[in-house]
Amino acid sequence: MGKRIYYFGDFCLDPVSRELTRNGEAVTIAANAFGCLTYLIEHRERAVGKDELVSAVWGRVDVSDNLLAQTIVRLRRALGDAGAAQRCLRTIPRVGYRWMLDTVAADMPGETTEQAPPAQAAPVEMPAPAVRPSPWWRRSSWLAMLCVLVAAAAYWPWTAWHQPLDFNHGAAIVLPAEVDAPADWKWLHLGLMDLISNDLHDAQVPVESSQTVLDLLNQPDGSAHFDTFALVIHPHVTLADNQWRVHLDARSADGRTWQAESSSDNVLKAARSANARLMAQMGVAVEPGKPGSSDARQEYLMRIEAATYADSGDVVRDLLDKAPPDVREMPEFALAKASFHCDQGELEPCKQGLADLLQRLPADKEPAMRGRVLAQQYYVYFREHKYAEGVAALSEAVKLLKKQKGKTDLAFAYAQRGELEVLENQFDQAQSDFGLARVNYALDGYNVGALGMDESLASLAMQRGQFAQALPVIQRAYAAYQRMGMRRFMPELLMDLIVSQRMLLQHVDALATTDRYWPFEQKHWNVSDQIARHLLVYERAQALADNGRTSEASRLLVDLLTQVASDPDGEPGLQDTVYVLLAKLALQRGEVQSAQSWIGKAMDQSLLEKNNDNRDYAYARLTNALVMQRAGKTKQFKDAVDALQAWATGLPTQDAWIDILLLRAQAIQAWSDGRHDQALAQLKLAMNKADAYGVPELIVDVAQVYTQALIAAGKVEDAASVSGKLSTWSQVDWRAAWTQACVYRALGQMPYTKQYQSKARQLAGDRVLPVDASVFMY
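Cut-offs used in this document
Residues numbered from 1 in each chain as written. Predicted model: local features only at pLDDT ≥ 70, side-chain atom pairs only at ≥ 80, totals over all residues. Heavy atoms only, no water. Phe/Tyr/Trp six-rings, centres within 6.5 Å; stacked < 30°, edge-to-face > 60°. Buried < 20%, exposed > 50% of the residue type's maximum accessible area, 1.4 Å probe, protein only. Helix = DSSP H or I, 4+ residues; strand = E, 2+ residues; numbered from the N terminus. Core = buried A, V, L, I, M, F, W, Y, C linked by side-chain atoms within 4.5 Å. Contact = heavy atoms within 4.5 Å. Arc of directions from axis to C-beta. Pairing = 2+ DSSP bridges. Disulfide = S-S within 2.5 Å. Axes fitted to C-alpha atoms, helices over the stretch in contact; angles between N-to-C directions. Parallel < 35°, antiparallel > 145°, perpendicular 65-115°, else oblique. Left-handed = near helix turned anticlockwise from the far one by under 90°. Nonpolar A, V, L, I, M, F, W, Y, C, P; charged D, E, K, R; others polar. Salt bridge = Lys/Arg side-chain N within 4 Å of Asp/Glu carboxyl O.

Student: I'm lost on the packing of aromatic side chains in this one. Help?
Tutor: This model, assessed by the stated rule, comprises 14 aromatic pairs. Ring geometry for Trp185 against Trp187: centres 6.1 Å apart, planes inclined by 35 degrees, an arrangement best described as tilted. For Trp187, a relative accessible area of 8% translates into the label buried. Their ring planes at 70 degrees and their centres at 4.8 Å tell us that Trp185 and Trp244 sit as a pair that is edge-to-face. In this pair, Trp185 is assigned in the loop between strand 10 (178-180) and helix 5 (188-202) and Trp244 in strand 12 (residues 243-252), connecting sequence segments 59 residues apart. Since its relative accessible area comes to 4%, Trp244 is described here as buried. Through a chain of ring-to-ring contacts, three or more aromatic side chains come together here, namely Phe8, Phe11 and Trp99.

Encoded structure:
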C-alpha cells in the first residue's frame, strides 16, 4: 500500500510513519504538534479554522485557544519559523492558520525508511539540504539505483507543477494585497494588485482588470467564483527591519498551487521579482522590472491609481494637487489628472488637460500614449455633442494603437468610436467597431471587456428593432457574468433582457426574469446603484402589467415615485416615464379621470425636458392625446396631436418607430374629424412600417387600431387579413386575442368569438375590455 510524503525546504514529513526529518536527521516534536503540522499541510490550499484544527487533532472541541497557540509556537520553533515573518505557518486573524511554504507531495509505492526529496516546486530561501553520509564501501553498490529513484521521485512533481499554465479557457486575476506595514503604505493593498496585473498583461498573460476584481469582491459571494478563472494570485507584503518581503500565492482552476517570494529594500522591485519567479514556474517569461521612470515617481503614480480604484476622490485630488515637480512632468501623470476630471464630470479641466497633453505627444515619438489620450477624448466629444469630430479623433487613436503590442487600449478606442457612431446613426460602422473591440479584448484576455461589447452589440440590435437577435446575446452575457459573480454588470443586462422579451411579447418570460431579483431583499440583490434599482422596479411593474396585474403594477409605480422624488441625482426622465405608464394603465382599467391626473403630471414641461429618450417622449405625447380623446376633450386632444407632430418634424434624424406613433395619432385625429379614408390610409402606412420594422410589440399595437378602424368602416375582409398577422400572438397577448374576437364577431363566427373573448379576458387580467371594436382603444 503506497503512502504520501511531503517535502518542504530541507524537511521531509511522513504522516504514516509519523516522522519529521530535516536533512535526513529526525526532528522531535510533540504528537499534537505533529498532528497540527500534518493537517495544515494536507489542507494547505486554504486557511484552517481554529475549531476545525482542534477537532481534527485533539478529537474534541473543549481545547483552549491558549493550548492551541502554545502548540503552534512550539511547532514554529521546530521549523525555524519563530520570527515575525511567519514564512511557514501564517496566522489568519479571526480565522486560524494557513500553511505557506512551497510543498511537494510525492506518492510512494510502498513502505520505505528513507527517501530522497524531489525537486522543489519553487526556490525556498532556506539552507540547501545536506546529503546524509554513507559508508564508502556501500556507495558504489547502490549509487545507480539511488539516481534512478531520485529521478523518478523528481519527475512527477516537476511535470505536475512546472508545466505551462493554459490560459486558453480563462484569464488570471490578482487579488488585493494583504499588507503588514505602517498606515502610510496602505495604498499597496490595491497598488500592488494593479502593478502585478499590469506586468502580467505586458507579458501577454490574459488577466482581468483590477476594477473587475474589485467589482467581484464587492459581491457577497464574490470569492465563490474564483474557480471560474484560470489563475488566482494573492499577494502578501511585509515590512520588517527596512526590508520588504513580497510573497505570492497562486492557485489554478485545476487545483495546482504555487508560491514565490522575493525581498528587497524597494517594495516595487520585490513585487516584480516575486511575480517573475512565480510566472517562471508556469513557463511564462515576465520582466522583473520596467525601464523608464524612477521608482519614486512610479510609486507616486501607483498611489494615485490605488486611490482611484478605492473610489477615494478626495484622496486622488489631494495627490494630484501635491504631486512633486518631477512627477508632474510625466505624460502618465497628465493623463491620470485629465482622466480624473473626466470621471468627475468636470468637462473644462478634462478637455484642457487632454488638449495640452496632445501638444506634448508627437505621433512619431509617443504613438501609444497619444493613442490613449485621443481615446480618452471620447468623453469631451460626447459631452459637447460633437460626434463626427469624435469619430475622427478616435480613428486616429485606432491607427496609432494598432501598432502597439497590447490590445486593450485598441479595444477601448474601437468601443468608444462605436458609441459615437451610434449617436450619429451610423449603425453598420458601430456594429463593426463593437465587433473589433470584442475581438481585441478577448485577445488580451479581458473577458469582462469582451462581454461588455456583447452588451453593446445587443443594445445596438435592440435600437435597430432586432430584439430576436439581441435576446440570445444578452442571455449568454448574463450567464457569463453570473458564472463569474459579476453582479455589478447584471442589472443593465436584466433590463435589456426584460425589454427584449416584452418587445417579442414574451410576457410570461419577462415576469420570470424579474423574479430573479424581486423582491430584492429575498433574492439577496444588493443593487447599490439607485438608478439601476429604480429602473429594475419600473421593469418589474411593466412586466406585472403585461401579465394582467395592472393594479399591482400601479401600486408599485406609486411607491417608486416616492423613491425617485427623493433622489435628486436620479435617472433623468424616469419620473415622467412612470407618470405615463400610470396614465396608460389607468386608461386600460377605464379610470379616465385618474389617467388625466397622471398624464397631466407627465406633461409638466420641466419633466418633459429631462427625458432624453426620443421614443419615450413620443409615447408620452401619444398617451396624452389618447387620454384627452377618451375624456372627450376635443381641443386638448387636437393640441396634443399637433404638439407631437411639431416635435417629431423638428427631429434632426428620422426614426421609423416615432414615425409610426405619429401616424397613429394623426389617424385617430382624422377619424375624429370624419376623414375616415385619410385615417385608414395613415394606419395602412403605419402598418407597413411596423411590418418592415418587424417588432411584434409594434405590429400588434398598430394592427389592433387598424383592424378596429377597418371593422368600423365596414371593411371586414381587410380587417380579417390584418388580424391574421396577429394569430401568432393571440395566445400570449390580450390585444391580439381581443382583436381576433372582434374580427370573428364581425364575421358572425360566434364560437370563435367566444373562444378569443375568453382568452382575451384571461390575458387582460384586471383591464376592462370594451364591448365591441373601438378605434380609440389603447
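Student: What exactly am I supposed to notice about the nonpolar core here?
Tutor: Among soluble globular proteins, nonpolar side chains are generally buried collectively. Leu192, Ile233, Val246, Leu278 and Leu557 are the most contacted members of the largest nonpolar core, which has 202 residues in total. Per-element tally for this core: the top contributor is helix 29 (residues 656-672), with 11 residues. Each residue touching Leu557, except ones within four places of it in the same chain, is listed here: Tyr538, Ala541, Val578, Leu581, Leu582 and Leu585. By size, the runner-up hydrophobic cluster in this structure holds 30 residues, among which are Leu20, Phe34, Val48 and Trp99.

Student: Any chance you could explain helix 25 (residues 592-602) here in plain terms?
Tutor: Where helix 25 is concerned, the buried positions are Ala595, Trp598, Ile599 and Ala602. For helix 25, the angular spread of the buried residues around the axis is 95 degrees, confining them to a single face.

Student: Mind showing me how you'd approach the pairing of strand 7 (residues 96-99) here?
Tutor: When a strand is regular, its side chains alternate between the sheet's two faces. Pairing between strand 5 (residues 48-49) and strand 7: 2 bridges, direction antiparallel. For Gly49, the partnering residue across the bridge sits in strand 7 and is Gly96. By the bridge criterion, 4 bridges tie strand 6 (residues 89-92) to strand 7 in an arrangement that is antiparallel. Residue pairing in the sheet places Arg90 in a bridge with Arg98 of strand 7. Hairpin connection from strand 6 to strand 7: 3 residues lie between these consecutive antiparallel strands, with Arg94 at a positive phi of about 65 degrees.

Student: Got a minute to help me understand the state of the cysteines in this structure?
Tutor: Two cysteines, two sulfur atoms, one covalent bond between them: this is a disulfide. Throughout the structure, instances matching the rule amount to 1 disulfide. A disulfide bridge connects Cys342 with Cys350, and the sulfur atoms are separated by 1.9 Å. Looking along the S-S bond of the Cys342-Cys350 disulfide, the torsion reads about 60 degrees, which is the right-handed sense. Each of the two residues, Cys342 as well as Cys350, counts as buried.

Student: Got a minute to help me understand the packing of helix 27 (residues 614-630) against helix 28 (residues 634-649) in this structure?
Tutor: Viewed as axis vectors pointing N to C, helix 27 and helix 28 meet at an angle of 160 degrees, and their least axial separation amounts to 7 Å. Relative to helix 28, the element helix 27 lies roughly antiparallel. For the pair helix 27 and helix 28, the sense of crossing is left-handed. Along the contact surface, helix 27 presents Asn614, Tyr617, Ala618, Arg621, Leu622, Asn624, Ala625, Met628 and Gln629, while helix 28 presents Gln636, Phe637, Ala640, Val641, Ala643, Leu644 and Trp647. Partitioned by chemical class, the residues of the contact of helix 27 with helix 28 number 11 nonpolar, 4 polar and 1 charged.

Student: Whenever I open this one, the pattern of salt bridges confuses me. Can you help?
Tutor: When charged atoms on two side chains of opposite charge get close, those side chains can pair. Counting across every chain of the model gives 30 salt bridges. In this structure, Asp433 engages Arg417 in a salt bridge whose closest nitrogen and oxygen atoms are separated by 2.7 Å. One end of the pair, Asp433, is in helix 17 (residues 427-443); the other, Arg417, is in helix 16 (residues 408-423), and 16 residues separate them in sequence. Arg417 matches Asp433 in its accessibility class, with the two residues each being buried. Each of Arg664, Glu697, Asp701, Asp733 and Arg735 takes part in salt bridges that share partners, so that together they form one network.

Student: Got a minute to help me understand the environment of Met462 in this structure?
Tutor: Structurally, Met462 can be placed in helix 18 (residues 447-463). Taking the relative accessible area as the measure of exposure, Met462 reaches 10% and is therefore buried. A C-alpha to C-alpha distance of 9.8 Å links Met462 and Val695, two positions 233 residues apart in sequence. If near-sequence neighbours (up to four positions away) are discounted, Met462 is found in contact with Phe467, Ala470, Ile474, Asp496, Val499 and Ser500.

Student: Explanation requested: unusual backbone geometry in the structure shown.
Tutor: A negative phi holds for most residues other than glycine; trans holds for most peptide bonds. Residue Pro519 is bonded to the preceding Trp518 through a cis peptide linkage, with omega at -10 degrees. When you line up the elements, Pro519 lands in the loop between helix 21 (507-514) and helix 22 (530-546). Despite not being glycine, His385 has its phi angle at roughly 60 degrees, a positive value. Tracing the sequence through the fold places His385 in the loop between helix 14 (378-383) and helix 15 (387-401). Residue His385 is classed as exposed on the basis of its relative accessible area of 58%. Of note in this structure, Asn425 is not a glycine but carries a positive phi near 60 degrees. Examined against the element boundaries, Asn425 turns out to sit in the loop between helix 16 and helix 17. Here Asn425 falls in the partly exposed class, since its relative accessible area comes to 34%.

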